[in-house]
Each structure stands twice: as structure tokens, then as C-alpha cells.
Amino acid sequence: MSNSKSILVLFAVIISACSVFAQSAVAEKNDPQATALLEKLSKKYGPSSGKEFAFTMVTEFPGQAKETVQGKLIQQGNAYNLDMGNHKVIADGKTLWLIQDKAKEVQINDQKTGPSKDLSPEKILTLYQSKDYLYALVPNTAGTIKQIEFKPKAKNSDITKFRLEIDPVKNEFSSLKVFNRDGSKYTITIKSVKLNQKYQAQQFTFAAAAFPGYHVEDLRID
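Draft legend 1. Just the pairing of strand β2 (residues 67–76), in detail. Relative to β2, strand β1 (residues 50–60) runs antiparallel, the two sharing 9 bridges. Looking at β2, one finds that Ala54 is bridged to Lys72. Counted between consecutive antiparallel strands, the loop separating β1 from β2 contains 6 residues, among which Gly63 sits at a positive phi close to 80 degrees. Relative to strand β3 (residues 79–84), β2 runs antiparallel, the two sharing 5 bridges.

Spelled out as C-alpha cells, the structure:
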């Protein structure tokens, strides 16, 4: 999973016990206490207004050194702009641009039907409503912080589980960790959040002049 795609997964309210799942996996019933926390959080971070997240993401692959990246995500409705240094994602609600600075490449996809359609912030914020995952609160000793663990029902999913840490007092999510089948892990820690922001439309549109010399590949069907 590429960094640019994985970060969208990480922003799941999106998203993020083991003992609870072991006891209730057969019944396939989600934890009602976890549902209440997620519904409350989803209302706060919903798509009704512009928002900005500053974060740190740590990537871990077996046998390799950890990689830490600083990033920023701004979102307004179905449009968003993700900047992780060498990896960027821009989406205007219809078209999605994946930008790789090191390779100087840009891929254009349909936002609603392309490969990242299920990884967008607006999808992730309602992930807990999906029938594809089971989730529950797991024991956590970090003060008042609540931890929710999600597991996909599909046996062949690339993601084996992910955990979301929520501060129920502030009604904020503070960190998210994704575990992949290949042994890799992605951990995102929220540094700051700005809500009720307003952004100009050009912030969600790819400007070719800002990326001179980049190879642009249009993968849209039409």
C-alpha cells in the first residue's frame, strides 16, 4: 500500500478488544459503546465544514528502519488536499490526482470510481457504518483515552486490523494504527485540528504549472 493511499485509510474515524473480538466474532455484533463514541466523533468531523489536520505518520516495515513523515490534510466537502512531502493527493470531488515528487509523476483518476474511491476522508468518516468490519472497545491504560479496534470480515483483506484512539472528554481522535498482512504498520498521531475553515476551490485542483517536468498519466476511463 502506498503512503499516499495508506494515509487516507489512517484517517478513519474513522477508524482504529482483541479479547472482545475473540468472544463475539461469531455473533458479528459491534460494540454499542464503541458505536456511540464513533457516532459522536463523526458528527464533529463530518463533511459539513472545512477542516485541517496536521499529523505525524510513522511507517514500519519488517527488517527496515522506521520512517517518520510530517503531513497536512485539508478537506472541504468531498474535496481534499493531502500533503506528505514527496507524496501528495488532490481531489476536487470528481477528479483525483496522485502526485509522486521523487518520481515526478502524476496519476489522474476518477475520484468516485478510481482505486482510491474507498479511501477518501468522506468514506472513512462513515466506515463504522459499513458491514465489512467488526469493531469493539479494547482495554487501554492510557488515562481516559478510549481505544477501538476494527477487523475486516474478509479473510483476504490487506489490512488485518486497525486501532483508533479517542479522547472522549474532548471528543477528538488522537492516533490511529493500521496493521497490514505483509507485516507493515502505519501509525498516525494528530498534532492539531482546525474546524469550520473555508478554502478556495483552487486548493483542491491540480495546477500543472506548479509541477514542471512531471509525467502526467490519465487513468480515467472516459
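Draft legend 2. Region of the structure containing the nonpolar core. Counting 32 residues, the largest nonpolar core has Leu38, Phe55, Ile148, Phe150, Leu164, Ile166 and Phe173 as its most contacted members. In this structure, Trp97, Ile99, Val106 and Ile108 belong to the second largest nonpolar core, which totals 8 residues.

Draft legend 3. Here's a closer look at unusual backbone geometry. Even without being a glycine, Lys104 presents a positive backbone phi close to 55 degrees. Here Lys104 shows up in the loop between β5 (95–100) and β6 (105–110). We classify Lys104 as partly exposed; its relative accessible area is 37%. Phi at Asn171 takes a positive value of approximately 55 degrees, unusual for a residue other than glycine. By relative accessible area, Asn171 is classed as buried at 12%.

Draft legend 4. Molecular detail of the pattern of salt bridges. Summed over the entire model, instances satisfying the criterion amount to 4 salt bridges. For the salt bridge of Lys88 with Asp101, the shortest nitrogen-to-oxygen distance reads 2.4 Å. With Lys88 in strand β4 (residues 87–91) and Asp101 in the loop between β5 and β6, this residue pair connects regions lying 13 residues apart in the sequence. Using a relative accessible area of 15% as the deciding quantity, one classes Lys88 as buried. For Asp101, a relative accessible area of 16% puts it in the buried group. The residue Asp218 makes a salt bridge to Arg220 at a minimum N-O spacing of 2.6 Å. The exposure class of Arg220 is partly exposed, given its relative accessible area of 29%.

Reading the values: rules and limits
- Residues numbered from 1 in each chain as written.
- Predicted model: local features only at pLDDT ≥ 70, side-chain atom pairs only at ≥ 80, totals over all residues.
- Heavy atoms only, no water.
- Pairing = 2+ DSSP bridges.
- Helix = DSSP H or I, 4+ residues; strand = E, 2+ residues; numbered from the N terminus.
- Core = buried A, V, L, I, M, F, W, Y, C linked by side-chain atoms within 4.5 Å.
- Buried < 20%, exposed > 50% of the residue type's maximum accessible area, 1.4 Å probe, protein only.
- Salt bridge = Lys/Arg side-chain N within 4 Å of Asp/Glu carboxyl O.

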